[in-house]
Amino acid sequence: SKPKQQSLFLIYLDATSVLNVSKSNRSASDKAANHASGTTSQTQPAIIASAGVGMPPNMPNFTLKDLDFVVKFSQECEGDQFRQLVHALCPSIYGQEMVKAGLLLTLMGGVRKNEGIPGRVAIRGDIHVLLVGDPGLGKSQLLQAAANAAPRGLYVCGKTSTGCGLTVSIAKDAVTGDFVFEAGAVVLGDRGLCCVDEFDKMTNEHQSLLEAMEQQSVSVAKAGLVASLPARTAIMAAANPVEGHYNRSKSIAENLKMSPAMLSRFDMIFILLDKPDENMDLALSEHVLAMHSGSAARADNARKRLLEAGPSDAPLLITRTPDGEGQATRQPLVQRLRSYRGNDQDNILPTVLVRKYIAYAREFCTPVGGPFHV
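Remember, predicted model here, so these are calculated numbers, not experimental data.

Student: Can you help me understand the overall build of the protein chain in this one?
Tutor: Counting its regular elements, the protein chain contains 14 helices and nine strands. In the protein chain, of all internal contacts separated by at least 6 residues, the share reaching a separation of at least 24 is 67%.

Right under this line is the structure:
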């Protein structure tokens, strides 16, 4: 008899993200929501399918309990949501309220314009941020906190990354022998956030990010493969000056040895300076020790001491009247963000709830600016 003909079929999938929707993974967010709302654990409600329409695959699914938290938080903190979210972003780093506000606005994102309109060039809605300053001011911790709070966030170190690792590379498949694309960090972070630390250590890779940061796409023409991959990603980078400390007598480009084309891609640039201040340094040291001591009373006293020793020469952004006469109608933004209330330390939002709130705002909120906001 003739031998039987056998065929071998190989089934494989290429995925950029995987989401585990088991009950065990949702228990942490439910517990945090119960803690914030003061309710006891109930049975898991059915997932609202309409809440996840159009979202990236790894953005959190909204439940009834999550939507109740968004409504309750908006009602209880009406007009004060922004300050609460700023304090919830990396609470271990004292101060830097304006920097945290900029990072929070980057997480919220903007509105993409002219998308899908024939004959019109699409204008990106994502915000790119660059943190520049002296070492030891917590830039890396701020980036990691932003990546954790983002519904879809990636954190990479520029010293160990290449241009192909950030954008896209071509590899040969071990099974079929064909050339395939391997997405980098910027492509994997599509419709999300990509945090790049040590941005000054990767000057050779800056050219590969120019297209991704402005056109929000990565064009590839290698090994007979021609494609354009979407990279609608907000870039959040941190860099140290080339001389070790920021030189005020030089420009930002001279301090970073960065090309004007790359520098122009960033919408917000924050310069962090380490000013010698004995009282402030002592208060910061006590703040760090109090955080690791586990004593709530000591942490509260350290925070009050920091508020007393805080800088008073911070730049002020004043809210002006609609007629543009320049008269301030309320406190400057820095003072409003820096103000603390009696129960702020005990009611800091957990990261999982901040992530839910940001995901809801990115999907369902489309603000429109007017002349008063300019």
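Student: Quick question: what am I supposed to make of the confidence of the model for the protein chain here?
Tutor: Detailed reading of the predicted model is not advised wherever pLDDT is low. In this model, the protein chain carries an average pLDDT of 76, and 72% of its residues clear a pLDDT of 70 or more. Segment residues 39-58 is flagged for pLDDT under 50; beyond a separation of four residues in sequence, or across chains, it makes 37 contacts in the model. Within the model, pLDDT remains below 50 along residues 312-324, and this stretch shows 27 contacts once partners closer than five positions in the same chain are excluded.

Student: I keep staring at the side chain of R265 and nothing clicks. Help me out?
Tutor: Residue position: R265 is located in the loop between α10 (260-263) and β9 (268-272). Buried and unpaired, R265 has E214 as its nearest opposite-charge partner, separated by 4.2 Å. Of the polar contacts made by the side chain of R265, one reaches the backbone oxygen of L210; its length is 3.2 Å. Those residues in contact with R265 that sit more than four places away from it in its chain are R124, H128, L210, M213 and E214.

Student: When you look at unusual backbone geometry in this model, what are you seeing that I'm missing?
Tutor: Peptide bonds are, in most cases, trans, and in most cases residues other than glycine have a negative phi. For C90, which is not glycine, the phi dihedral falls at a positive 50°. In this structure, C90 sits in the loop between α3 (81-88) and α4 (97-108).

Student: Please explain the pattern of salt bridges as it appears in this structure.
Tutor: Proximity of charged atoms lets side chains of opposite charge pair with each other. Taken as a whole and judged by the stated rule, the model has nine salt bridges. With a closest N to O distance of 4.0 Å, E76 and K72 form a salt bridge. One end of the pair is E76 and the other is K72, both in helix α2 (residues 64-76) and four residues apart, which spans about a single turn. Its relative accessible area of 58% is what places E76 among the exposed residues. The exposure class assigned to K72 is partly exposed, which follows from its relative accessible area of 29%. Across the pair D190 and R232 runs a salt bridge, and its minimum N-O distance is 2.8 Å. With a gap of 42 residues between them, D190 in the loop between α7 (185-188) and β5 (193-197) and R232 in the loop between β7 (225-230) and β8 (234-239) connect regions that are remote in the sequence. Classification of D190 by relative accessible area gives buried; the value is 11%. Exposure remark for R232: the relative accessible area of 25% places this residue in the partly exposed category.

So, how was this worked out
Residues numbered from 1 in each chain as written. Predicted model: local features only at pLDDT ≥ 70, side-chain atom pairs only at ≥ 80, totals over all residues. Heavy atoms only, no water. Helix = DSSP H or I, 4+ residues; strand = E, 2+ residues; numbered from the N terminus. Contact = heavy atoms within 4.5 Å. pLDDT = per-residue confidence, 0-100. Buried < 20%, exposed > 50% of the residue type's maximum accessible area, 1.4 Å probe, protein only. Lys, Arg positive; Asp, Glu negative; His and termini not counted. Salt bridge = Lys/Arg side-chain N within 4 Å of Asp/Glu carboxyl O. Polar contact = N/O pair within 3.5 Å; in protein donor to acceptor, adjacent residues only side chain to side chain.

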